[in-house]
Amino acid sequence: MKKFFLISLLLFSLHTYSQTYIKANATTVIVGIPNVGIETSMGKKSTFQFDILASMWKSVKGIPMQFYIFMPEYRYHFHEKYDGFYVGANMGFTKFNFSRLDHLKADQFEKGIGYLMGFTVGYEKKINDKFMLDIFLGGGNSQGFYKGYYIGTNTRYESAKDYNKSGEWIPYRGGVMVSYRIK
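Each chain has its residues counted from 1, following the order in which its sequence is written. Since the coordinates come from a predicted model, pLDDT governs what is reported: local features require at least 70, and pairs of side-chain atoms require 80 or more to be given and counted, while whole-chain, interface and lining totals use all residues. Only hydrogens and water are set aside; all other atoms, that is, all heavy atoms of the structure, feed into the side-chain values.

Q: Whenever I open this one, the overall build of the chain confuses me. Can you help?
A: Counting secondary structure elements, the chain contains two helices and nine strands. Exposed residues in this analysis have more than 50% of their type's maximum accessible area, buried residues have under 20%, and partly exposed residues fall in between, with area computed by a 1.4 Å probe over protein chains only. Among the 183 residues that make up the chain, the fraction classed as buried is 38%. For the chain, the share of sequence-separated contacts (at least 6 apart) that also reach a separation of at least 24 residues comes to 59%. Using a 1.4 Å probe, the Shrake-Rupley method yields the accessible areas, and only the shown protein chains count as cover for residues. Carbon and sulfur atoms provide 69% of the accessible area of the chain, an area that totals close to 11,000 Å². Comment: elements are numbered from the N terminus, with helices defined as DSSP H or I runs of at least four residues and strands as E runs of at least two. Should any heavy atoms of two residues lie within 4.5 Å, those residues are considered in contact.

Q: Before we go on, may I ask you to explain the packing of aromatic side chains in this structure?
A: A pair of aromatic rings is counted whenever rings of Phe, Tyr or Trp (Trp by its six-membered ring) have centres within 6.5 Å, and the orientation is called stacked for planes under 30 degrees apart, edge-to-face for over 60 and tilted otherwise. Following the criterion strictly, the structure yields nine aromatic pairs and no others. A ring pair is formed by phenylalanine 85 and tyrosine 123, whose centres lie 4.8 Å apart and whose planes are at 65°; its orientation type is edge-to-face. Here the residue phenylalanine 85 occupies a position in strand β6 (residues 84-98), and tyrosine 123 occupies one in strand β7 (residues 108-126), the gap between them amounting to 38 residues. Owing to a relative accessible area of 30%, tyrosine 123 belongs among the partly exposed residues under this scheme. Over the face of the ring belonging to tyrosine 163 we find lysine 147, whose NZ or CZ atom lies 4.9 Å from the ring centre. Whether a charge lies above a ring is judged from NZ of Lys or CZ of Arg, which has to be within 6 Å of the ring centre and within 35 degrees of the ring normal.

Q: How do you make sense of the pairing of strand β3 (residues 46-55) when you look at a structure like this?
A: Looking along a regular strand, one sees the side chains alternate between the two faces of the sheet. Among the ten residues that make up β3, seven are buried, leaving the element largely enclosed by the rest of the structure. Of the pairings in the sheet, the one linking strand β2 (residues 35-41) to β3 comprises seven bridges and is antiparallel in character. Bridge pairing in β3 links glutamate 39 to glutamine 49. Hairpin connection of β2 to β3: four residues between the antiparallel strands. We treat two strands as partners when DSSP finds at least two bridges between them.

Q: Quick question: what am I supposed to make of the nonpolar core here?
A: For soluble globular proteins, the rule of thumb is that nonpolar side chains tend to be buried together. Definition of nonpolar core: a set of buried residues of the types Ala, Val, Leu, Ile, Met, Phe, Trp, Tyr and Cys, connected through side-chain atoms within 4.5 Å. Within the largest apolar cluster, nine residues are counted, these being Ile33, Leu53, Phe67, Ile69, Met71, Phe96, Leu116, Tyr146 and Tyr172. The contacts of tyrosine 146, once residues within four sequence positions are left out, are Phe96, Arg100, Glu110, Lys111, Gly112, Tyr157, Glu158, Tyr163, Asn164, Lys165 and Ser166.

Q: Help me out: how do you make sense of the pairing of β6 in this one?
A: The pairing of strand β5 (residues 63-77) with β6 spans eleven bridges and is classified as antiparallel. Of the residues in β6, the one forming a bridge with methionine 65 is phenylalanine 98. Counted between consecutive antiparallel strands, the loop separating β5 from β6 contains six residues, among which tyrosine 82 sits at a positive phi close to 65°. With 15 bridges connecting them, β6 and β7 associate as antiparallel partners.

Q: Could you clarify how one ought to interpret the side chain of histidine 77 in this entry?
A: As for its position among the elements, histidine 77 is in strand β5. By relative accessible area, which is 0% here, histidine 77 ends up buried. Side chain to side chain, histidine 77 and threonine 47 meet in a polar contact 3.0 Å long. Beyond its immediate stretch of four places on either side in the chain, histidine 77 contacts Glu39, Lys45, Ser46, Thr47, Tyr82, Phe85, Tyr86 and Glu124. Polar contacts, as counted here, are pairs of nitrogen or oxygen atoms within 3.5 Å of one another; within protein the pair requires one atom able to donate a hydrogen and one able to accept it, and residues that are adjacent in sequence qualify only if both atoms are side-chain atoms.

Q: Is there a simple way to think about the pattern of salt bridges in this case?
A: Side-chain pairing between opposite charges can occur once the charged atoms of the two side chains come close. Throughout this description, the term salt bridge denotes a Lys or Arg side-chain nitrogen within 4 Å of a carboxyl oxygen of Asp or Glu. What the rule picks out here adds up to eleven salt bridges. With a shortest N-O distance of 3.2 Å, arginine 173 and aspartate 51 are connected by a salt bridge. With arginine 173 in strand β9 (residues 164-181) and aspartate 51 in strand β3, this pair connects stretches of sequence that are 122 residues apart. Comparing arginine 173 with aspartate 51, the two get one shared label, buried. A network of salt bridges, in which partner residues are shared, links Lys23, Glu39, Asp51, Glu73, Arg75, Glu124, Asp134 and Arg173.

Q: Can you walk me through the environment of phenylalanine 145 in this structure?
A: Residue placement: phenylalanine 145 occurs in strand β8 (residues 131-150). Relative accessible area serves as the criterion here: at 28%, phenylalanine 145 is assigned to the partly exposed category. In this structure, the C-alpha to C-alpha distance between phenylalanine 145 and phenylalanine 96, residues 49 residues apart in sequence, is 9.9 Å. Non-local contacts of phenylalanine 145, meaning those with residues more than four positions away in its chain, are made with Phe96, Lys111, Gly112, Ile113, Gly114, Tyr115, Tyr163, Asn164 and Lys165.

This is how it looks when you write it as structure tokens:
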């Protein structure tokens, strides 16, 4: 019953405010890593965005570079939604088969999952009735659970029995989203 109530409330709020944008990050597309999303109104000054960032490259010159980030985010707009400065709070999930920059010389990569929690600061500017630009930067705490391997041999390089754990504060979002209003 709780799930039904929450889903009904969400659908009602989407219908009531009925402003929804589909988005694509022009910055990440340039390097072949699509970042697409959807942002919808939740109130007079608040919106909800869900986006996916995906590097589907199995490897680049033999180095694993595959990752996926799924990111829901609540946004509070200071002036008016879809126009001006905003801050957002997010908590997402990631899956990766990736070589960190500091592991390239050691021919190592990590395969695992993780979660991200942080904030975004951005500015949205309407171009016309249908198009909008969203310039943003965000980051926070990243926690990863992975197994580390050597490139080529796929043997473990670390001594963790199950999964190794790693956490750090990093920037993990940013760019320029080109947005198109569908409602």
